[in-house]
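Coordinate analysis (summary)
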Amino acid sequence: MVKFLVICGVFSWMLSFCQVCIYGENVPKKPNIVVILADDVGSHDISLRGNNQILTPNIDALGYQGVIMNRHYTVNLCSPSRAALLSGKYSIRTGMQYLVVLPDEAWGLPLTEKLLPQYLKEVGYQTYMVGKWHLGSCLKAYIPTHRGFDTHVGLLGGAIDYYNYSFATGGMPYTPGFDFRYNEEVYRDRVGEYATDVLGDEAAKIISNHNKSEGPLFLYLAQVATHAANDYDPMQFVPEDLEKVGHIKDQQRRVYAAMIEALDRSVGTVVKALKAKDLLDNTIILYFSDNGGPTNGLFSLKASNYPLRGQKQSPWEGAHRGVALVWSPLLQQRHRVSEHLTHITDWLPTFAQIAGSTSIKSAELDGFDIWETLSFNKPPIRREMVHIIDPISGYTSYYRDGWKYINGTTYDGQHDGWLGEMPFDEHPEAYRYPQVVMESEVWGALNPYAQRSLDAVDIMGIRRNTKITCKHQIPSATPCYPLRAPCLFNVESDPCEFNNLADLRKGQMQEFEQRLEYLQKISVPPGKKPSDPRGYPDVNDGLWTWWLEGLEESH
C-alpha cells in the first residue's frame, strides 16, 4: 500500500512537472478566462493599429501590456465565426458556411457539437455568457444555458435596437420582436439603457458576484458593438460619446466612432471589475472582432479595414484578417507584436488544454493549442486555413503556406476593392496618444503586472510594429476577377492582395484545387433553413423565442 501511494505521488508530481514544462512556471492553477468579442469592428478602427481618428485607449492598453496577434484570422460573418470560436472547427464541418442564423429559422450550431464551455465545465469552471448568441434559438436545446453556460444575459439573435432591444429583418412581414433575456426569462429591467454599456455592466456584475471557491471563471462577453441595429435605424449611440468625436466630418463615420467609444468603455468596465475582485493575477483576457468591418452595402457602418482588401462577408483579407489582443501575467513574453499565424478555431483547444481538460485530446478539431506561441513566441504548427467554402453563394477562400486561393465572390464583386481608405480626421488628443493610453482604466489595472517599465517611446515602438505594408503591383501579375477565374495571392508578402499570380503558378493552383475538391467532399452540407412564420414575434407574444418547442413536428 505504501509503495502504491509513493508511486501515485511520483506520478502526480510528474504530471505537474509536465504541465509546467508545457505552459511555463507561472501557471500554478487553472486560470480564469475572459473572452471579449467585438462585432463588425474594422481592423483599422482601433487606434493601436495606427489610426489617430478614433482613440481606443482601454483596448490598446490590453495589447501593449500583453501580446498583439497581428495575423489573427476569423471567419467572414457573424454566425460562422462564433461557431468556429466555440466549436474549434471550420464552418464546413458544422454546416455553418452559408450566411447566418435568423431567429425565424429552424436551425443552429448542431447539437452534436461539444462547445468550449462544456469542456471547461468538465474541469470545474463556472461558465458565464453575456451578450449576442446568434447560433440558433428555435429550440431551448440550442440556447446558451443548454450548451454549457451556467448563465446568459443578452440576446439570442444577431442584432437588436441599442435602446429598446427589439429586432426585425427588413422586408419581412412581421413587427419587431423583443430579444433580451436573463437565462430563459424575458429581461426588460434595462430597456432604455444603451446596450453596449448594459452588457459591460452585466459582465462586471458577474465578475463581482463570482465565488472563487466554486471554481475558476470563464466569461464570454459577446458585445453587440458595433453591429448595426435594425435597418430602419441602424446606427445608434450615446449622445455624450458623439460629442467626443465631433472632429470627424463624415456623419456616418462619426456615429460609428461614437459606437466604438462605448465598446472601449466596456472593455475598461470588465478589466476594472477583474481588478476589484482580485482576479487578475491568474486570468487570461482575450479581445478580438468576429470579422472585418462593413464599409459599404448591407448594415454598412463606414468601418475601415485599411489597407486590406474587401470587407465583412467577402473572401478577402479585410473580411478575415484582424488583430487579437491577449493579456495575462502567465504569458512569459509580453509587450510585443506577434506575426505568427493564428486562427479563431485555435482558442478552444488552447483554453481547454490550459484548463486541464483530458477529453479535448480525443476531439477532432481544426484548431491547435497555441499557448507556446502566445507565451514564448514559438512558431505555431498551422499551415492551412479554410476561410470559407460556400457551395450555395458559390465562393471559396483558402490559405496554405503563405498563399491564398480565391474563387468567386459576394455581391457580384461590388465590395472587392480597397474600401477602407478615407479621410481620417485626427483626434484632438492624438498628439498625446501614449499618455491617453497610460491614463486609461485598463492600463492602471494591468501595469502593476508589467514585465518591464513601459514609457511613451515603448508604446509608439510597439504600435509601429502593427503596421501592414502593401506590395505594389508587379508587371507579371494579372488582374483578379474571381467571378471569371480563380486568383492566387502570396498574402505573406502581399497582404493587400494586389498581385494575382494564378497564371504564373499553374501547378500550385492545381494542387490547391485538388485539396479543395477533397475538402468539399468531406464538408457537412449547409444547415441554413428558410424563414418559418411560426417563429414570427406576432405569434409569440411579441418575442423572439424557442418557437419550435412543443410543436408536434420534429426538427
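Just above, that's the structure.
Summary of the structure given here. (Residues numbered from 1 in each chain as written. Predicted model: local features only at pLDDT ≥ 70, side-chain atom pairs only at ≥ 80, totals over all residues. Heavy atoms only, no water.)

**Considerations on the overall build of the protein**
Counting its regular elements, the protein contains 14 helices and 16 strands. Here the protein has a C-alpha radius of gyration of 23 Å; the compact-globule value for 555 residues is 24 Å, and the two agree. Counting only C-alpha atoms, the protein reaches 75 × 60 × 55 Å along its principal axes. Residues counted as buried form 61% of the 555 residues belonging to the protein. Pairs at least 24 apart in sequence give 75% of the contacts found in the protein among residues at least 6 apart. Looking at the protein as shown, the accessible area adds up to about 21,200 Å², and 53% of this sits on carbon and sulfur atoms. For the protein, the separation between the mean place of its 52 positive charges and that of its 64 negative charges on side chains is 6 Å. (Helix = DSSP H or I, 4+ residues; strand = E, 2+ residues; numbered from the N terminus. Rg over C-alpha atoms; globule rule 2.2 N^0.38 Å. Buried < 20%, exposed > 50% of the residue type's maximum accessible area, 1.4 Å probe, protein only. Contact = heavy atoms within 4.5 Å. Areas by Shrake-Rupley, 256 points an atom, 1.4 Å probe, with all protein chains shown as cover. Lys, Arg positive; Asp, Glu negative; His and termini not counted. Charge placed at Lys NZ, Arg CZ, Asp CG, Glu CD.)

**Notes on unusual backbone geometry**
For the bond running from alanine 225 to threonine 226, omega is 10°, close enough to zero to count as cis. Within the secondary structure layout, threonine 226 lies in the loop between strand S9 (217-222) and helix H6 (239-244). A cis amide bond links tyrosine 306 with the next residue in sequence, proline 307, at an omega value of 0°. Tracing the sequence through the fold places proline 307 in the loop between strand S10 (283-289) and helix H8 (317-320). Unlike most non-glycine residues, asparagine 183 shows phi in positive territory, near 55°. Structurally, asparagine 183 can be placed in the loop between strand S7 (181-182) and strand S8 (185-186).

**What about the sheet that holds strand S14 (residues 395-400)?**
In space, the four strands of this open sheet follow the order S13-S14-S15-S16, with antiparallel pairing throughout. Edge positions in the sheet fall to strand S13 (384-390) and strand S16 (487-490), since each of these pairs with one other strand and no more. Direction aside, neighbouring strands of the sheet carry axes that sit 10° apart on average. As defined by bridge partners, S14 adjoins strand S15 (residues 403-407) across five bridges and the pair is classed as antiparallel. Looking at S15, one finds that tyrosine 398 is bridged to tyrosine 405. Contacts between helix H14 (residues 506-522) and the sheet are confined to S13, S14, S15 and S16, with S14 contributing the most and set at about 115° to the helix. (Pairing = 2+ DSSP bridges. Axes fitted to C-alpha atoms, helices over the stretch in contact; angles between N-to-C directions.)

**Here's the deal with helix H13 (residues 456-464)**
Of all the residues in H13, the buried ones are Ile459, Gly461, Ile462 and Arg463. Between the side-chain oxygen at the start of H13 and the backbone nitrogen of valine 457 there is a gap of 3.1 Å, and the oxygen is on aspartate 455. (Polar contact = N/O pair within 3.5 Å; in protein donor to acceptor, adjacent residues only side chain to side chain.)

**Concerning helix H5 (residues 195-209)**
Helix length check: H5, at 15 residues, gives a terminal C-alpha distance of 21 Å against a target of 21 Å (1.5 Å per residue), a fit within 8%. All of the buried residues in H5 are Ala195, Thr196, Val198, Leu199, Gly200, Glu202, Ala203, Ala204, Ile206 and Ile207. Against the buried residues of H5 lie strand S3 (126-131), strand S4 (151-154), S9 and helix H7 (251-276). (Expected span 1.5 Å × (residues − 1).)

**Concerning the packing of helix H2 (residues 57-65) against H7**
For any two helices packed against each other, one specifies the crossing angle of their axes together with the interaxial distance. Running from amino to carboxyl end, H2 crosses H7 at an angle of 55°, the nearest separation of the two axes being 7 Å. It follows from the interaxial angle that H2 and H7 lie oblique. Along its contact with H2, which presents Pro57, Asn58 and Ile59, the element H7 presents Leu263, Asp264, Arg265, Val267 and Gly268. Split into classes, the residues belonging to the contact of H2 with H7 amount to four nonpolar, two polar and two charged. (Parallel < 35°, antiparallel > 145°, perpendicular 65-115°, else oblique. Nonpolar A, V, L, I, M, F, W, Y, C, P; charged D, E, K, R; others polar.)

**Some words on the pairing of S15**
Burial runs high along S15: four of the five residues are buried. Between S14 and S15, which pair antiparallel in sequence order, lie two residues; one of them, aspartate 401, sits at a positive phi of approximately 50°.

**Notes on the pairing of strand S1 (residues 32-38)**
Within a regular strand, side chains alternate between the sheet's two faces. Along S1, seven of the seven residues are buried, which leaves the element largely enclosed by surrounding structure. Every second residue of S1 is oriented toward a common face, with Asn32, Val34, Ile36 and Ala38 on one face and Ile33, Val35 and Leu37 on the other, all of them buried. Summarising the sheet, S1 and S10 pair through seven bridges and their orientation is parallel. Bridge pairing in S10 links alanine 38 to serine 289.

**Some points on the nonpolar core**
Nonpolar side chains in soluble globular proteins tend to end up buried together. Formed by 76 residues in total, the largest nonpolar core has its most connected members in Tyr64, Phe180, Ile285 and Tyr287. If you tally residues by element for this core, the top one is H7, at 13 residues. Those residues in contact with tyrosine 287 that lie beyond four places of it in its chain are Ile36, Ala38, Val41, Ile46, Ile59, Leu62, Leu263, Val267, Val323, Ala324 and Leu325. The next biggest cluster of nonpolar side chains, apart from the first, holds 45 residues, and it includes Val101, Tyr119, Leu120 and Leu374. (Core = buried A, V, L, I, M, F, W, Y, C linked by side-chain atoms within 4.5 Å.)

**A closer look at the state of the cysteines**
Per the stated rule, a full pass over the model turns up two disulfides. Cysteine 470 shares a disulfide with cysteine 496; S-S distance 1.9 Å. Classification of the bridge connecting cysteine 470 and cysteine 496 rests on its S-S torsion, roughly -65°, and on that basis the disulfide is left-handed. Highlighted residues: cysteine 470 in the loop between H13 and S16 and cysteine 496 in the loop between S16 and H14, separated in sequence by 26 residues. Take cysteine 470: its relative accessible area is 24%, and that puts it in the partly exposed class. There is a disulfide in this structure between cysteine 480 and cysteine 487, and the S-S distance comes to 2.0 Å. A torsion of 95° about the S-S bond marks the disulfide between cysteine 480 and cysteine 487 as right-handed. Here the two residues cysteine 480 and cysteine 487 agree in accessibility, since each one is buried. (Disulfide = S-S within 2.5 Å.)

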